[in-house]
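Structural overview for review
Here is what each chain is made of, one letter per residue.
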Amino acid sequence: MGKTLEIDQLRTMYLRFFEQRGHAIIPGASLLPDGDPSVLFTTAGMHPLVPYLRGQPHAAGRRLANVQKCIRTSDIDLVGDRTHLTFFEMLGNWSLDDYGKEQSIRWSHELLTSLEWLAIPDERLWVSVFAGDGELPRDEQAARTWLELGVAPERIVYLGMEDNFWAAGTEGPCGPDTEIFYDTTGEPCGAPRCAPGLCNCRRFVEIWNNVFMSYERSAGALHELRRHNIDTGMGLERVAAVLCDAGSVYEVQGLRAIAEHLLSDLGKRHDELSERELRALRICIDHLRTAVFILGDPNGPEPANTGAGYVLRRLIRRAVRYCRILALEPSAWEAGASVVVEHYASAYPELQLRRARILESLREERERFERTLDRGSRLLAQLLERNAGTERLSGAEAFRLYDTYGFPLELTVEMAGEHGVEVDVTAFERCFAEHRERSRSIAAKSGLADDSRQSVRYHTATHLLHAALRAVLGAHVEQRGSNISADRLRFDFSHGGALTSEERSAVEAWVQQAIDRDLPVYREVSTSEAAKARGATGLFDDRYDGEVSVYGIGDLSLEICAGPHVERTSELGRFRIVKEQSCGAGMRRIRALLSPT
Ligand code: SER
């Protein structure tokens with residue numbers, strides 16, 4: 001508890017606090033990062049400031065503060081609990097080689113606890129500081145500053161690299177941090193030590209993270225920077241929630257208004273919802289707000305089958321499915337977009353500007369998905385009619401609906417249940433597993449000999465090489481075969497003649513650049529048809545029209561493949577082509593090596 005403030009007041013108060021302390025207030029950036037294809041969305045306040053953290057002078061000076069809209073979908077399965085959201089606002093203050101660690105901690109403490117500002121009682125705050133790791137020393141200065149500010153030693157926790165060393169990726173500016181937690185209950189959970197990072201209870205909510213960006217990681221090694229920067233990030237919704245002692249972030253301004261709108265449509269009160277319905281409601285609220293912010297962004301995409309547009313599509317479709325649990329009309333859910341625009345327009349005028357487009361795109365996508373669902377429902381109804389009298393729908397039929405028509409299993413179960421028919425879910429899962437197995441064996445044809453760490457690296461390098469050849473030589477290049485071992489990769493492809501030395505160097509440089517950019521490698525499951533439509537390459541097996549696994553590397557490569565792959569391209573090291581030769585009419589063969597950097 002502290003001062004109860006609405007989101008709008010909290011935003012303003014935070015900026016005023018830092019403005020009074022010499023910070024220039026800078027505008028937040030787009031949710032869709034310009035010129036950084038390694039991420040789909042801005043995920044942290046520091047993201048747009050990386051060039052300045054690296055030393056480029058900022059026109060507004062060396063002390064900056066702002067509010068940044070962020071999207072993180074990595075925790076989407078946790079959305080619906082008390083604290084996780086796919087969209088959130090992050091309050092941040094930065095020192096570009098100006099004030100240091102001690103000052104940063106003192107200001108955070110003052111803003112949080114001073115009666116003039118947020119007035120959080122001291123005993124509610126816990127902090128973690130970096131425990132040190134190998135050559136990196138324990139952060140005694142941070143701990144000493146907290147002690148001097150009156151934080152009791154038992155409320156200071158030392159945690160290692162995993163918890164208290166912040167980096168936006170495996171390359172770039174990074175450093176130890178100190179995290180500030182709010183104690184929601186004051187009650188130990190019974191673990192040997194109930195403290196942030198040391199037990200798994202829900203007592204502590206992280207509210208602020210002060211990163212001391214004194215290092216840069218490049219090619220796997222840490223270098224100390226001459227410049228010492230500070231990057232802090234405070235989750236706006238979380239702080240607003242703890243200040244009013246709310247049970248969850250859904251009780252703060254904005255989110256609360258969406259909840260009220262949806263509940264009034266349902267004609268229900270919060271306390272009339274079951275736990276399952278409450279979670280569904282929160283998912284509908286969260287996804288609606290995120291979809292509105294994506295569509296309302298100046299760089300916002302339309303729903304699509306790739307990239308950020310694909311995330312948008314999934315959020316809308318997922319919400320429409322959760323509407324069913326609530327018995328909420330998807331059109332009523334979508335109408336809540338006006339509430340989002342209204343509540344956020346003063347802080348984010350871009351939403352008001354794009355209001356018509358937001359509503360239109362949401363409606364179109366909702367209708368498209370409803371058509372898919374309708375088609376599936378009709379097929380299912382026919383199926384049930386044909387099999388009238390039976391009490392069981394086979395797993396294979398249910399799988400066909402899912403696989404060919406995109407009709408979700410839980411809807412099949414629900415609708416069949418309405419006709420007194422049970423679905424053989426076990427057999428469905430068997431079909432699912434068999435199809436996955438089949439797509440694995442298709443991938444096995446792609447030539448991965450074993451799944452040792454090094455072979456896995458070569459496997460990812462093969463995808464990059466394939467994409468590089470298409471980028472440098474042209475889209476006529478097609479994979480004809482490949483053979484991978486822990487020692488090298490061999491890749492056969494269609495191309496008329498020998499590569500010139502320029503082409504060969506360009507391919508090599510293209511792959512190396514992709515490695516150095518530390519791109520994420522991600523996996524999706526899709527139908528073979530949808531993967532083709534998204535421009536995926538890879539071996540399509542016409543005999544098999546089922547589900548396939550698709551691997552993407554940043555926005556550079558998309559291939560049907562069952563893996564395994566590395567998680568980030570920086571794991572590959574240095575890439576070198578050692579031989580390029582003919583291997584048949586119109587076919588070339590490349591051998592390439594990876595070596596540690
Ligand atoms: N970069 C840190 C974070 O996102 C602090 O802003 O948590």
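All of these numbers come straight from a predicted model, not from anything done at the bench. For every chain, the first residue of the written sequence is number 1, and numbering continues from 1 onward in sequence order. Residues qualify for local features only when their pLDDT is at least 70, as the model is predicted, and side-chain atom pairs are given and counted only at 80 or more; totals for whole chains, interfaces and linings, by contrast, use all residues. Note that the side-chain values use all heavy atoms of the structure and ignore hydrogens as well as water.

Quick word on the side chain of His109
Strands are runs of DSSP state E lasting at least two residues, helices are runs of H or I lasting at least four, and both sets are numbered from the N terminus onward. Within the secondary structure, His109 sits in helix α3 (residues 101-113). Residue exposure (1.4 Å probe, protein chains only): buried if accessible area is under 20% of the type maximum, exposed if over 50%, otherwise partly exposed. A residue is classified by how much of its surface remains accessible, and His109, at 9% relative accessible area, is buried. Other than its neighbours up to four places away in sequence, His109 contacts Ser114, Asp122, Trp146 and Leu149. Two residues form a contact once any of their heavy atoms are found within 4.5 Å.

Structural notes on the confidence of the model for the protein chain
The quantity known as pLDDT measures the predictor's confidence residue by residue, on a range of 0 to 100. For the protein chain, the mean per-residue pLDDT works out to 89, and 95% of the residues sit at or above 70. Within the model, pLDDT remains below 50 along residues 541-545, and this stretch shows 9 contacts once partners closer than five positions in the same chain are excluded.

So, the nonpolar core
For the purposes of this section, nonpolar cores are sets of buried Ala, Val, Leu, Ile, Met, Phe, Trp, Tyr and Cys residues that join through side-chain atoms within 4.5 Å. Within the largest apolar cluster, 111 residues are counted, with the highest numbers of intra-cluster contacts made by Leu118, Ile207, Trp333 and Leu362. When residues in this core are grouped by element, the largest group, 11 residues, is from helix α8 (residues 275-296). Those residues in contact with Trp333, other than ones at most four positions away along the chain, are Leu262, Cys284, His287, Leu288, Ile316, Ala319, Val320, Cys323, Leu328 and Leu362. If you look at the next biggest cluster of nonpolar residues, it comprises 30 residues, including Ala461, Ala468, Phe575 and Leu594.

Looking at the sheet that holds strand β13 (residues 489-494)
At least two bridges found by DSSP between two strands is the condition for calling them paired. In space, the 4 strands of this open sheet follow the order β12-β13-β19-β18, with antiparallel pairing throughout. Bordering the open sheet on either side are β12 (479-484) and β18 (574-582), each of which pairs with just one other strand. Each neighbouring strand pair of the sheet contributes to a mean axis angle of 20°, computed without reference to strand direction. Across 6 bridges, β13 lies against strand β19 (residues 587-595) in antiparallel orientation. Its bridge partner being in β19, Leu489 is matched across the sheet by Ala592. In the packing of helix α17 (residues 453-473) onto the sheet, the strands contacted are β12, β13, β18 and β19, and the crossing angle to β13 comes to about 30°. Structural elements are reduced to axes, namely lines fitted to C-alpha atoms, with helices fitted over the stretch in contact, and the angle between N-to-C directions of any two is expressed from 0 to 180 degrees.

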